[in-house]
Each structure stands twice: as structure tokens, then as C-alpha cells.
Amino acid sequence: MHLTGNLLIGQNAVTGSREALRAIDPATHQALEPAYAGGTGEHVAQACALAWAAFDDYRETTLEQRARFLETIAEQIEALGDALIDRAVAETGLPKARIQGERSRTCTQLRTFARVIRSGEWLDVRVDNALPERQPLPRPDLRQRQVALGPVAVFGASNFPLAFSVAGGDTASALAAGCPVVVKAHSAHPGTSELVGHAVARAVKHCGLPEGVFSLLYGAGREVGIALVSDPRIKAVGFTGSRSGGIALCQAAQARSEPIPVYAEMSSINPVFLFEAALQARGEALAQGFVASLIQGAGQFCTNPGLVIARQGQALQRFIQAASEQLRQADAQTMLAPGIFAAYEAGVGALAANANAQHAASGKPHTGPNQCQAQLFITQASALLADPALQAEVFGAASLVVACDDDEQMRQVAEHLEGQLTATLHLDDADIGRARALLPTLERKAGRILVNGWPTGVEVCDAMVHGGPFPATSDARSTSVGTAAILRFLRPVCYQGMPDALLPPALKHDNPLQLRRLLDGRRES
């Protein structure tokens, strides 16, 4: 497909009129064609008007129609072939195998939500039959289902040009819920976004859906994003990015006459706790696993292990020595964009200038532009407890080891941390008691708690939670990965005393969809 640089409003390609942006190949620092002129408030209004016009029809599509739509999106993305892979590699500097894997994950997400739609479990149907003879007052017939919130604004992420962008998890879960989607593409990969955007639009047309089910906008600054969140027809927001960006969207959403939920994934340093018996028994293996997790993808994962916490002593010193030796062999890696590289350098510079942070090791020097040289620092728990700057996120392959005096100080450090996406425990049987004492704190701090693993793998499945207390996310009750992500874009509606002819299919008396219901307080088999 020939890239045009146009916005996609419904089925119409539209030329923007604001400042143009171009993708930069981070490996060469060269600008890529075409230019993508930004949209205006008028373009946002057009996309939102189409989305609103499509909403009532789209939210009542049959389970099969909507599931087939998501599967068609996956098929259209796969049909893009190498053109999509090559453009994503050029715009991100990520290796081809990583992009191929991410395409597979993106299509798997879509097909997983198709399965969820067909099951109908997400409708959470509840029926309390009428009790006309009940004393002292009869009970009317009451029926409840979940309905879509309305059009959703989705903001593409920088670090996942496919899986968290135009047709990524936020878009897939919103479409699964019955919500039209208006996407603001990330400025770092506009060509990748255009290719995927047209694949979604082709699926809309192929499935005979209203054109407003999907639109794609571009914008170099905040004009498009703020206008999108402020439009009264948008009813929820999905965002993955910086803390400052997420907070700005939350503030705009709350300033509306009708505030709306913003599901923003923003900032996490993902603490790893190394317990004494595990360190003594397998410190070198832990060091090897830690460094592999730290440098994966140049550390550009929201679940990157940015903090390692352990009791000081010989076992920890051996771990630091082994990790340092491993890190010194790590090649520098190209980061996603010049801006991300600059932010990484600033974050590492701040740690290096902090008197309480001791530099332990660096990876191999860079050999090209925008390359991340991995870094490891050490500090004392007392310093971390006194200096909030030491737990600032550095987006990239940099981590800080925190040496604690005893178990109580490890608990104090855990209690002092901000909200996190993940917390990891490395332990042996002898450490179970210490881990159990720490667990209540970690349950309050993180959305996912791992034992004897590394946090950089996020499985798309029913049980996954990719969320956590602020600032990991703006709403700790939600997840942006896994099938429960659909719940963000739904709300309950109760139908009282309604004749069967007016009830939606999911709530009719003869249960034509064969849904598993909560019937008079008992779950049907």
C-alpha cells in the first residue's frame, strides 16, 4: 500500500492542515516520507460525530457479527505482509523478529477478544424473576446486562507500534465492548499507523458496519489529543505513555461538563525483591536473568526491572558483581525515537549526578545514533527512603540496586514505593516466611506479583492484570492487557418490568443466546 500521509476519518482520507510530522529512522537519524500534516479541532469533531452516529447500531451488532469483525481486522493486518514489518522496523529501530512477534500478538489479541465476544460472559446477565406474591411487597421482574459506554479515544504507544497502538489492546477491547474508536496515532510511527488504520477501515467496510466505527488522526502537539478527550461524544479514553501525558488527559477529562474515565498506563519501575536463601543458592543465575530482562528491547518496556531490593551482605555483593560482568558485555541498542533516547540520557545523567547513587557498571559504548548504553547503579535503602528522585522511572535499560540492612528495611522500602505494574519475588523454600510478611504490602502496591520469574513478559490471557495503583495507571481497578480489559468500556443497565418484546436478546425470557446467567441468585451451568 502506498503511504499518503492523510488522516482517516471513517472511510475518507483527509489531508491535515496543521504542523506536519515525519517519522525518524532512529538507526540512521534520517527523516522518512511521507509527511503527516496534523489534524484540527474540526477534524476531531468530524471523527467524533461519525463515531457517535455509528454507536447505537454498532453496540447492538450480534455477538457473531462483532466477533467476525475483530477476526477480519486480524486477517487484514496479516495481509499487509512485509510492507508492515519493514515500515515498523524503519520507524522504530526494533529488529524484524520483534516486529513479527508483535504483529502475531496483535492479531492474537483481536482473535482472543472475538472468543470473548462469542462467549457472552462479559454481558454478565443477571435475572431476578418477579415475585408477585411476596409480602409485604412484591418484587418486579429485574434484568441486568452490560452495555457499551460510547465512543472511545485511544492513544497509540511509542514502545509497541502494533500491540499497543492503532489496533492494539485498547482498540480491540473497546471494539469488543461495542464502542466505536477514534485513534490518535503516535508521532514516532505514523506510517505503521496508517497501514494498520487502513486495515481496520477495510474490515469495517467488509463487515458492512457504519463507517464511524473507526477513525485515525494525527497531530504533532497536544491540540488533537486534548480536543479528542474534550469532545462530548467521547465517553472513555485509553492511553499508554508518560506520566505527564496521562495526567494532562485525566485533567482534560475531569474538566468536562461530563467527566469521563481515562485508563492511562503511565509509570512503573517494577521492583524485584531478592530474598536471602535464593541469593545464596543461585545468585549468579539470578544476575544473568536480571540482566537479560533489563536489556531486552533496550529496556523499553513498561515492565522493565528498574529496581532491585535485597539485604546487604556477601550474597548481594556477588549478585552485583555477576550482574556487572554480564552488563559490560551487553551491546548498545537503538532506542525507539530520538526523544526517547534523550529522555533516557537525562534520566541516567540524573542518577549519575546523585550523590546517593553509586555507579556499578555500563554496557558497551554506542556505535550509532540514539543507542542505549545499559547502566547499573547502587544505593542504600536509607537514601531511597529519603530521596524521591531515586525512584523516578528511567525508560530504558537502567536499574538501581537497593541494599537494605534487614527484612524490616526491605518492608519499609516496599511500603515507600509508588504504585507499580509489577512486583517480583525471587525466593527459595526458606524464604517463604519473609515473602509472606511482605505480600500484603505488595498487594496494595502492584497489579501483578511474580515469583521466580521476570516481569518483561505480559501474556494475553484471561487472568492477566496489566495495571496497578497510581502512577502505574490512573485507575487501579482496571487492566489494559487480558480479556478483563473489556470491562473498562462497559456499564450496567437494569430493565425493570419490561415486556419480553422490548428486551434485548441477551435478556429475553427464553434466553435465545444461550448465555450463562445469574438466575435468582444462582449461576446457571
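Residues numbered from 1 in each chain as written. Predicted model: local features only at pLDDT ≥ 70, side-chain atom pairs only at ≥ 80, totals over all residues. Heavy atoms only, no water.

Digging into the pattern of salt bridges
Side-chain pairs of opposite charge can arise whenever the charged atoms involved come near each other.
Phase 1: Under the counting rule described, the total for this entry stands at 30 salt bridges.
Phase 2: The residue Glu78 makes a salt bridge to Arg111 at a minimum N-O spacing of 2.9 Å. One end of the pair, Glu78, is in helix 2 (residues 63-79); the other, Arg111, is in helix 4 (residues 96-119), with 33 residues separating them in the sequence.
Phase 3: A relative accessible area of 37% places Glu78 in the partly exposed class.
Phase 4: The class for Arg111 is partly exposed, based on a relative accessible area of 33%. (Salt bridge = Lys/Arg side-chain N within 4 Å of Asp/Glu carboxyl O. Helix = DSSP H or I, 4+ residues; strand = E, 2+ residues; numbered from the N terminus. Buried < 20%, exposed > 50% of the residue type's maximum accessible area, 1.4 Å probe, protein only.)

Considerations on the UniProt feature "domain: Aldehyde dehydrogenase" (unreviewed entry) in the protein chain
Phase 1: Residues annotated in UniProt with the feature "domain: Aldehyde dehydrogenase" (unreviewed entry) correspond here to residues 17-460.
Phase 2: With 45% helix and 19% strand, residues 17-460 has its two end C-alpha atoms placed 38 Å apart. (UniProt positions renumbered as here; feature names shortened; annotations may be inferred.)

Side note on the environment of Gln312
Phase 1: Mapped onto the elements of the fold, Gln312 is located in the loop between strand 15 (307-311) and helix 10 (314-328).
Phase 2: Along the primary structure Gln312 and Ala381 are separated by 69 residues, whereas in three dimensions their C-alpha atoms are 9.7 Å apart.
Phase 3: Filtering out sequence-adjacent residues up to four positions away, Gln312 remains in contact with Gln380, Ala403, Cys404 and Asp405. (Contact = heavy atoms within 4.5 Å.)

Focus on the nonpolar core
Phase 1: Counting residues in hydrophobic clusters, the biggest one holds 158 residues, and the most contacted among them are Phe69, Leu70, Ile73, Ile77, Phe273, Ile309 and Phe319.
Phase 2: The contact partners of Phe319, leaving out residues within four places of it in the chain, are Leu274, Leu279, Gly283, Leu286, Ala287, Phe290 and Val308.
Phase 3: Ranked by size, the runner-up nonpolar core spans nine residues in total, among them Phe160, Phe301, Val458 and Val460. (Core = buried A, V, L, I, M, F, W, Y, C linked by side-chain atoms within 4.5 Å.)

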